[in-house]
Amino acid sequence: MPHRKLKEKILESLYKSTHFNKNELEALYSMYRKLVTSAQSMVPTSVISQSPAKLDGIDQCTFRDVMHSTFDLVTEEAILERVWATWERGAGGGEGAIKFEPWARGLSKMLKGTDEERRIHCFSVYDLNGDGYITRDEMFVLLKNSLLKQPGDEDPDEGVRDLVELVLKKLDVDKDGKVSLDDYREAVTQEPLLLEAFGQCLPSKRQAMAFMKNLNNK
């Protein structure tokens with residue numbers, strides 16, 4: 001298998017730009033190579049030979065599996081789609097598979113991130129159209145996906161709209177009818193439980209600690 005050892009230049013760069021130490025980065029790289037190799041083996045040879053570049057990284061299916069099985073992100077599909085969409089991919093972002101360096105930087109934020117990094121991550125996931133605001137419509141979509149419909153509900157959407165207004169009052173600090181990053185940052189700082197108000201997009205502390213313990217034992 002090629003590229004078994006992480007290049008020293010990349011190792012040094014990631015050591016400076018993430019919260020992982022060098023041993024953790026080497027272990028992450030080993031995990032990354034196994035995931036990529038496993039994903040490639042699941043694709044017909046003809047497809048691999050035609051477009052190998054598309055599989056040179058963590059594809060969306062593998063990403064979803066890791067988030068579910070390794071980090072216990074048993075969250076709504078819409079949230080997982082957004083977590084995937086916000087991960088750094090390709091020269092312009094949002095392209096193809098996730099290469100190792102953005103994979104390591106993304107995991108650093110999710111597993112060992114500062115409060116600010118975690119806030120920015122969650123806000124980016126909830127900002128569905130990427131315009132810098134979480135609007136009423138986006139809140140409605142997120143909350144409707146995360147709530148179970150109760151038997152006998154005549155108009156479940158009405159309950160969701162009521163909940164949107166309640167959450168908006170908590171998060172919309174400047175009262176302009178939508179939530180900016182500054183609004184979100186201030187509200188979450190005052191009430192940390194609001195961090196994942198619209199759905200889980202971070203591993204639990206228990207899962208993060210278990211993953212890091214396992215990583216350091218490799």
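Here is what the cut-offs are and how they apply
Residues numbered from 1 in each chain as written. Predicted model: local features only at pLDDT ≥ 70, side-chain atom pairs only at ≥ 80, totals over all residues. Heavy atoms only, no water. Axes fitted to C-alpha atoms, helices over the stretch in contact; angles between N-to-C directions. Helix = DSSP H or I, 4+ residues; strand = E, 2+ residues; numbered from the N terminus. Parallel < 35°, antiparallel > 145°, perpendicular 65-115°, else oblique. Left-handed = near helix turned anticlockwise from the far one by under 90°. Contact = heavy atoms within 4.5 Å. Nonpolar A, V, L, I, M, F, W, Y, C, P; charged D, E, K, R; others polar.

1. Side note on the packing of helix α7 (residues 115-126) against helix α10 (residues 181-190)
Now for step 1: Put simply, α7 and α10 touch, their axes get as near as 10 Å, and they point 125° apart. By the criterion of interaxial angle, the relationship of α7 to α10 is oblique. Two packed elements cross with a definite hand, and for α7 against α10 that hand is right-handed. Here E116, R119, I120, C122, F123 and Y126 of α7 lie close against α10, whose contacting residues are L181, Y184, R185, V188 and T189.
Now for step 2: Grouping the amino acids of the contact of α7 with α10 by side-chain chemistry returns seven nonpolar, one polar and three charged.

2. Notes on the packing of helix α8 (residues 136-146) against helix α9 (residues 156-171)
Now for step 1: Packing of α8 against α9 leaves a shortest axis separation of 9 Å and a crossing angle of 120°. Between α8 and α9, the crossing angle belongs to the class labelled oblique. Between α8 and α9 lies a crossing whose hand is right-handed. Counted together, R136, M139, F140, L143 and K144 of α8 and D157, V160, R161, L163, V164, E165, V167 and L168 of α9 form the full contact between these two elements.

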